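In case you want the letters, here they are:
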Amino acid sequence: MTRKRIILPFLIGLSYCLIQVQTVFSQQAQAINHVIVIGFDGFGAYSVEKANMPYLKTLMQKGAYTLKTRSVLPSSSAVNWASMFMGASPTFHGYTEWGSQTPEIPSVTTNKAGLFPSLFTELKSQKPSSKIAAVYSWEGIGHLLEDRVLNQNIHTDGKEEETLNQAIRLIENERPNLLFVHFDEPDGVGHDKGHDTQEYYEELKNVDKKIKAIHQAVVKTGLEENTLFVVVADHGGIDKGHGGKTLSEVEVPWVMAGPSVSQGKVVQSPTIIYDIGPTLARALGIEGNPVWRGKIIQEFFRD
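Residues numbered from 1 in each chain as written. Predicted model: local features only at pLDDT ≥ 70, side-chain atom pairs only at ≥ 80, totals over all residues. Heavy atoms only, no water.

K.L.:
Any chance you could explain the overall build of the chain here in plain terms?
P.N.:
Along its length, the chain carries ten helices and eight strands. Every one of the 303 residues in the chain was classed for burial, and the buried ones make up 53%. Carbon and sulfur atoms form 52% of the exposed surface of the chain, whose accessible area is close to 13,900 Å². (Helix = DSSP H or I, 4+ residues; strand = E, 2+ residues; numbered from the N terminus. Buried < 20%, exposed > 50% of the residue type's maximum accessible area, 1.4 Å probe, protein only. Areas by Shrake-Rupley, 256 points an atom, 1.4 Å probe, with all protein chains shown as cover.)

So this is what it looks like as structure tokens:
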């Protein structure tokens with residue numbers, strides 16, 4: 001009789017705790033309804049600390065970040081944007097070059113559209129009602145996307161200001177659950193004037209203004225409390241080029257701010273660019289595709 005008196009309250013208490021834990025996880029899962037990813041081509045992590053980028057640095061302090069995320073090789077565009085959203089290495093998804101339009105190596109698996117599964121396809125598959133949009137300056141991005149899963153697929157033909165305006169319009173009017181915005185700068189300045197030059201840092205001031213304008217659009221629409229805001233890059237650079245094996249070329253920033261994200265956290269875990277897709281999938285409340293090889297970087301999130 002004594003044991004029953006002891007065990008019964010214990011079981012009741014345990015059940016209550018499990019319910020509370022389940023409630024917390026449910027609230028966290030529901031907290032992020034929108035993920036906005038801003039990608040800047042050729043934005044090397046080496047430059048962040050030296051750059052005059054007050055808005056980005058405020059987001060870094062409000063959220064979690066690492067300046068040591070490594071690209072895949074070669075440290076160039078298409079191969080890394082593909083790896084980011086496909087959660088795997090080039091030898092898995094098959095896009096291996098700067099301007100890959102189709103896989104040079106056959107993908108290890110493909111979906112019904114004949115493409116390697118990406119964050120975009122997984123979100124639409126698992127949450128069919130999701131609104132997904134992409135706005136990009138560089139046409140190469142379009143070759144990595146599956147048009148049928150995108151509600152909005154906008155190529156601005158290198159017009160950076162138009163890319164910014166379209167991104168703001170989508171946030172204010174469409175409120176997508178997943179939005180990817182690609183800017184071709186500061187890569188253009190890196191090739192023209194050189195990385196780690198005065199001109200490059202002047203362009204980073206414009207990069208910061210774009211980050212601010214898009215984030216302020218989120219605030220203006222009242223979405224800040226349930227939006228994960230992400231700033232990433234595909235590669236860095238050295239002199240007037242990239243694609244090599246120096247840290248200036250392969251280390252890129254990865255910044256996240258929003259609900260459930262740690263505040264003022266410098267992520268210490270080693271990260272590679274194909275960890276981004278699985279980590280964003282976790283934020284969106286979906287499962288990563290089993291063929292993905294990237295990891296969820298839990299350190300970005302509060303316990």
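K.L.:
I keep staring at the sheet that holds strand S5 (residues 178–183) and nothing clicks. Help me out?
P.N.:
Two orientations exist for strands paired in a sheet by backbone hydrogen bonds: parallel and antiparallel. Pairing within the open sheet is mixed, and its eight strands lie in the order S4-S3-S5-S1-S6-S7-S2-S8. At either margin of the open sheet sits one strand with a lone partner, and together these are strand S4 (152–155) and strand S8 (265–266). Of the strand pairs in this sheet, strand S6 (residues 227–233) and strand S7 (residues 251–257) are connected by four bridges, and their pairing is antiparallel. Along S7, the bridge assignment pairs Phe229 with Ala257. Lying over the sheet, helix H6 (residues 160–174) contacts strand S1 (34–40), strand S3 (132–136), S4 and S5, oriented at roughly 170° with respect to S5. (Pairing = 2+ DSSP bridges. Contact = heavy atoms within 4.5 Å. Axes fitted to C-alpha atoms, helices over the stretch in contact; angles between N-to-C directions.)

K.L.:
Is there a simple way to explain the pairing of S6 in this structure?
P.N.:
Look at any regular strand and the pattern is simple: side chains alternate between the two faces of the sheet. Across the seven residues that make up S6, a large majority, seven, are buried. Of the two faces of S6, the one carrying Thr227, Phe229, Val231 and Ala233 and the one carrying Leu228, Val230 and Val232 are both buried. Bridge count between S1 and S6: seven bridges; the pairing is parallel. Across the sheet, the residue bridging to His34 is Thr227, located in S6.

K.L.:
Explain the side chain of Glu299 here, please?
P.N.:
Relative to the helices and strands, Glu299 is located in the segment after helix H10 (276–284). Given a relative accessible area of 19%, Glu299 falls into the buried group. Reaching out from Glu299, the side chain makes a polar contact with the backbone nitrogen of Gln268 at a distance of 2.8 Å. If we skip the residues at most four places from it in the chain, Glu299 touches Ser262, Lys265, Val266, Val267, Gln268 and Ser269. (Polar contact = N/O pair within 3.5 Å; in protein donor to acceptor, adjacent residues only side chain to side chain.)

K.L.:
Looking at this structure, I do not really get the confidence of the model for the chain. What am I missing?
P.N.:
Detailed reading of predicted coordinates is not advised where the pLDDT is low. Mean pLDDT over the chain works out to 92, with 90% of the residues at or above the 70 mark. Confidence drops under pLDDT 50 across residues 6–30; counting only partners more than four residues distant or on other chains, this segment forms three contacts. (pLDDT = per-residue confidence, 0-100.)

K.L.:
How should helix H5 (residues 119–126) be read in this particular structure?
P.N.:
Each full turn of the α-helix corresponds to 3.6 residues, which orients residues three or four apart in the same direction. Among the eight residues that make up H5, six are buried, leaving the element largely enclosed by the rest of the structure. Of all the residues in H5, the buried ones are Leu119, Phe120, Thr121, Glu122, Leu123 and Lys124. Residues of H5 that are buried in the fold lie against helix H3 (77–86), S3, S5 and H10.

K.L.:
What am I meant to see in the pattern of salt bridges here?
P.N.:
Where charged atoms from two side chains of opposite charge approach closely, those side chains can pair. A complete count under the given rule lists six salt bridges for this structure. In this structure, Lys265 engages Glu299 in a salt bridge whose closest nitrogen and oxygen atoms are separated by 3.8 Å. With Lys265 in strand S8 and Glu299 in the segment after H10, this pair connects stretches of sequence that are 34 residues apart. (Salt bridge = Lys/Arg side-chain N within 4 Å of Asp/Glu carboxyl O.)

K.L.:
What exactly am I supposed to notice about the environment of Ala64 here?
P.N.:
Its location among the elements puts Ala64 in strand S2 (residues 64–70). Exposure remark for Ala64: the relative accessible area of 0% places this residue in the buried category. Residues Ala64 and Val261, 197 residues apart in the sequence, show an inter-C-alpha distance of 6.6 Å. Setting aside anything within four residues of it in sequence, one finds Ala64 in contact with Trp254, Val255, Met256, Val261, Ser262, Lys265, Val267 and Phe300.

K.L.:
Honestly, the side chain of His34 in this entry has me stumped. Any pointers?
P.N.:
Positionally, His34 belongs in strand S1. By relative accessible area, His34 is classed as buried at 9%. Of the polar contacts made by the side chain of His34, one reaches the backbone oxygen of Pro176; its length is 2.9 Å.

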